[in-house]
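Fold and geometry: a report
Each chain is listed here by its residues.
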Amino acid sequence: MRRTGHIFMLLLLLLSAGCKVDFDLRGLDSKPILCLDMHLAYEPGEHEAGEDSYVGLNGFVYAVPSAAGEREFPEELRCLLEVYRNAELVWTRDDIMLHEFEGQVSAQIYGLTPGDELKVVARAEGFPTAYSEVTVPQNPPQMRVSHTRINQSRFRLGITIEDDPKTEDHYAFWFLKCYFYEGHLQPSGVDHLEPSLGTSEQTTFLDTGPFEVIWQDGEKFYGLSDRGFNGQTKTIEINVDYPLSDLTYDDNAYYKVGFCRISQERLRYETACRDKAGNVLGFMGLAPATFSYTNVIGGTGCVSCANGCETDWILVPSVENLI
C-alpha cells in the first residue's frame with residue numbers, strides 16, 4: 001500500500017505540473033484567416049525538356065472565423081488563388097467559394113521539374129494574405145517489391161529502397177488491390193490494400209507499425225522519414241491480408257505498391273493532426289505537443305508536394321508459396 005500511495009502521489013505531482021499551460025489571449029478579436037489544405041503531386045512527362053510534366057494540385061481553401069468575430073461568411077465570398085514557379089506566376093483562379101467548406105481546388109500545372117520552388121498564395125477580402133512555399137521533390141529512389149504467402153489469408157510484402165545519403169528524405173507509401181478477369185478490371189474496381197500493422201489481429205489508426213504516421217486523402221498513405229536509415233538500403237516488411245477464400249479466380253487477384261518522395265511538411269502536419277486526436281499526454285503537458293503545426297504563413301493548414309511512382313499490377317502469391 002505504501003508503494004502504491006507513493007506512485008499515486010507522483011502521478012498527481014506530474015499532472016499538476018503538466019497541466020500548467022500558458023495561453024496567449026491576445027488577438028482573439030483579430031480577422032478571420034484562410035486555411036489551405038493542399039497537395040501537389042508531380043507527374044513526369046515523356047519529353048526531357050519537361051514541357052509535358054505537370055503538378056496535379058488538389059485540396060481545399062476555406063475560411064476560419066476569428067474567436068470573437070462572425071461565425072458565418074456570406075455565400076458570395078470568393079478567394080483568389082495563385083501558384084508561382086520560381087517566382088513566376090504560372091496558374092491562377094479567382095472564383096473559389098469559401099462558404100461552408102465549398103472551396104475545393106483541382107488543377108494541372110504544366111512545365112514543372114524537380115527542384116522547382118512553388119509558392120501558393122490565397123487572397124480574399126477581409127482576410128490576411130495566406131501563402132506557403134514548397135519544393136518539387138527529386139525523383140524517388142529505385143524500389144524493389146517482393147512477396148511470400150504466409151497462409152491462405154495473408155502474405156508478407158517486402159519493399160526495398162536505396163536511400164540517398166546526401167539528402168534528408170521523407171517518403172509515403174500506398175497499397176492498392178483489384179481483380180482482373182480475362183484482362184479486364186472487375187466492376188468492383190480498385191480498392192485499398194490494408195497492411196496488418198503491429199502485433200495484433202485488430203489494429204488501430206494509431207498503430208502505424210514500421211511507419212511514422214498514417215493519413216487518408218482519397219487514398220490511404222503511410223509516411224516514413226529516413227532519420228534511422230539515411231544513406232542505407234532499407235527493407236520494410238509488412239503483412240497484408242488478402243484471403244484467397246474471398247476470390248472466385250485466384251490467378252486474377254493483383255496488388256500494387258505506390259511510393260513517393262514527399263515534402264516533410266505533410267508528415268509533420270499529419271502527425272500534428274494525429275496528436276490532436278489521440279495524444280492525451282501531449283494535451284496534459286506530459287509529452288511534446290505538436291498539434292499546432294502549419295507551414296502556411298498568414299493562415300493555417302498545410303501545403304505539400306510529392307514526386308512518386310507505382311509498380312505495375314502484381315499477381316497475388318498463390319497458396320503453393322507458403323513460408
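All values derive from a computational prediction rather than experimental measurement. Here, residues in each chain are numbered from 1, in the same order as that chain's written sequence. Per-residue local features of the predicted model are confined to residues with pLDDT of at least 70, and side-chain atom pairs are confined, for both listing and counting, to 80 or more; whole-chain, interface and lining totals are unaffected and use all residues. The basis for every side-chain value is the complete set of non-hydrogen atoms in the structure, without hydrogens or water.

**Regarding the overall build of the protein**
Cut-off, in case you're wondering: Secondary structure elements are defined from DSSP: runs of H or I of at least 4 residues count as helices, runs of E of at least 2 residues count as strands, and each element is numbered from the N terminus. Per-residue accessibility, obtained with a 1.4 Å probe over protein chains only, is compared with the maximum for each type, and a residue is labelled buried under 20%, exposed over 50%, and partly exposed between these values. Whether two residues are in contact is decided by their heavy atoms: any pair within 4.5 Å suffices. All accessible-area figures derive from a Shrake-Rupley calculation using a 1.4 Å probe, and residue coverage is judged against the displayed protein chains alone.
Within the protein, the regular secondary structure consists of three helices and 19 strands. Burial statistics for the protein: of 323 residues in total, 40% are counted as buried. Contacts in the protein between residues far apart in sequence, at least 24 positions, make up 69% of those at least 6 positions apart. When the accessible surface of the protein is split by element, carbon and sulfur atoms take 51% of a total near 18,600 Å².

**What to know about the sheet that holds strand β3 (residues 78–85)**
Operational definition: The criterion for strand pairing is that DSSP finds at least two bridges linking the strands in question. To get an axis, a line is fitted to the C-alpha atoms, and for a helix only the part in contact is used. The angle between two axes follows their N-to-C directions and goes from 0 to 180 degrees.
Across the sheet, four strands lie side by side as β4-β3-β6-β7; this open sheet has antiparallel pairing. In this open sheet, the two edge strands, each paired with only one partner strand, are β4 (88–97) and β7 (130–135). Neighbouring strand axes in the sheet, compared pairwise and without regard to direction, differ in orientation by 15° on average. The pairing of β3 with strand β6 (residues 117–123) spans six bridges and is classified as antiparallel. Bridging from a neighbouring strand, Tyr84 pairs with Lys119 of β6.

**Quick look at the pattern of salt bridges**
Heads up, the rule is: Salt bridge, as used here: a side-chain nitrogen of Lys or Arg that lies within 4 Å of a carboxyl oxygen of Asp or Glu.
In total, this model carries 11 salt bridges according to the counting rule given. Between Glu82 and Arg123 there is a salt bridge, with its nearest N and O atoms 3.0 Å apart. Here the residue Glu82 occupies a position in strand β3, and Arg123 occupies one in strand β6, the gap between them amounting to 41 residues. The partner of Asp95 in a salt bridge is Arg93, and the shortest N-O contact between them spans 2.7 Å. In this structure Arg93 comes out as partly exposed when scored by relative accessible area, which is 28%.

**Considerations on the nonpolar core**
The criterion, for reference: The criterion is simple. A nonpolar core is a set of buried Ala, Val, Leu, Ile, Met, Phe, Trp, Tyr and Cys residues joined through side-chain atoms within 4.5 Å.
Among the nonpolar cores identified, the biggest contains 32 residues, and Leu34, Leu36, Met38, Leu57, Val61 and Leu81 are the most heavily contacted of them. If you list the elements that add at least two residues to this core, you get β1 (33–43), β2 (54–64), β3, β4, β5 (104–110), β6, β7 and β18 (300–310). Element by element, the count of residues in this core is highest for β1, at five residues. Within the second largest apolar cluster, 24 residues are counted, among which are Phe175, Leu197, Ile214 and Phe259.

**Describing the confidence of the model for the protein**
Detailed reading of the predicted coordinates is not advisable wherever pLDDT is low. Note the cut-off: On a range of 0 to 100, pLDDT expresses the predictor's confidence in each residue.
Within the protein, residue pLDDT values average 80, and 73% of them lie at 70 or more. Confidence drops under pLDDT 50 across residues 1–25; counting only partners more than four residues distant or on other chains, this segment forms seven contacts. Below a pLDDT of 50 lies the segment residues 199–204, which in the model reaches two contacts outside its immediate sequence neighbourhood of four places, other chains included.

**Points about the packing of aromatic side chains**
Selection criterion: Ring geometry is summarised as follows: Phe, Tyr and Trp rings, the Trp one being its six-membered ring, pair when their centres sit within 6.5 Å, and such pairs are stacked at plane angles under 30 degrees, edge-to-face over 60 and tilted between the two.
Under the definition given, this model contains 11 aromatic pairs. Residues Phe175 and Tyr222 carry aromatic rings whose centres are separated by 5.4 Å and whose planes lie at 65° to one another, so their mutual orientation is edge-to-face. In this pair, Phe175 sits in strand β10 (residues 170–181) while Tyr222 sits in strand β15 (residues 219–225), placing the two residues 47 residues apart along the sequence. A residue is classified by how much of its surface remains accessible, and Phe175, at 3% relative accessible area, is buried.

**Examining the sheet that holds strand β8 (residues 143–151)**
Spatially, the four strands line up as an open sheet ordered β8-β9-β16-β13, and their pairing is antiparallel. If you trace the sheet from one side to the other, it starts and ends with β8 and β13 (195–196), each paired once. With nine bridges connecting them, strand β9 (residues 154–162) and strand β16 (residues 233–241) associate as antiparallel partners. Its bridge partner lying in β16, Ile159 is registered against Ile236.

**Remarks on the side chain of Arg266**
Operational definition: Any pair of N or O atoms that falls within 3.5 Å is considered a polar contact. Within protein, one atom must be able to donate a hydrogen and the other to accept it, and sequence-neighbouring residues count only if both atoms are side-chain atoms.
Take Arg266: it is sitting in helix α2 (residues 264–278). Here Asp37 takes part through its side chain, which lies 3.4 Å from a polar atom of the side chain of Arg266. In contact with Arg266, not counting residues within four places along its chain, are Asp37, Met38, His39, Trp215, Cys302 and Ser304.

**Quick look at unusual backbone geometry**
At Asn86, a residue that is not glycine, the phi angle is positive and equals roughly 50°. Tracing the chain through its elements places Asn86 in the loop between β3 and β4. With a relative accessible area of 40%, Asn86 lands in the partly exposed category. Unlike most non-glycine residues, Ala87 shows phi in positive territory, near 75°. Considering the arrangement of structural elements, one finds Ala87 in the loop between β3 and β4.

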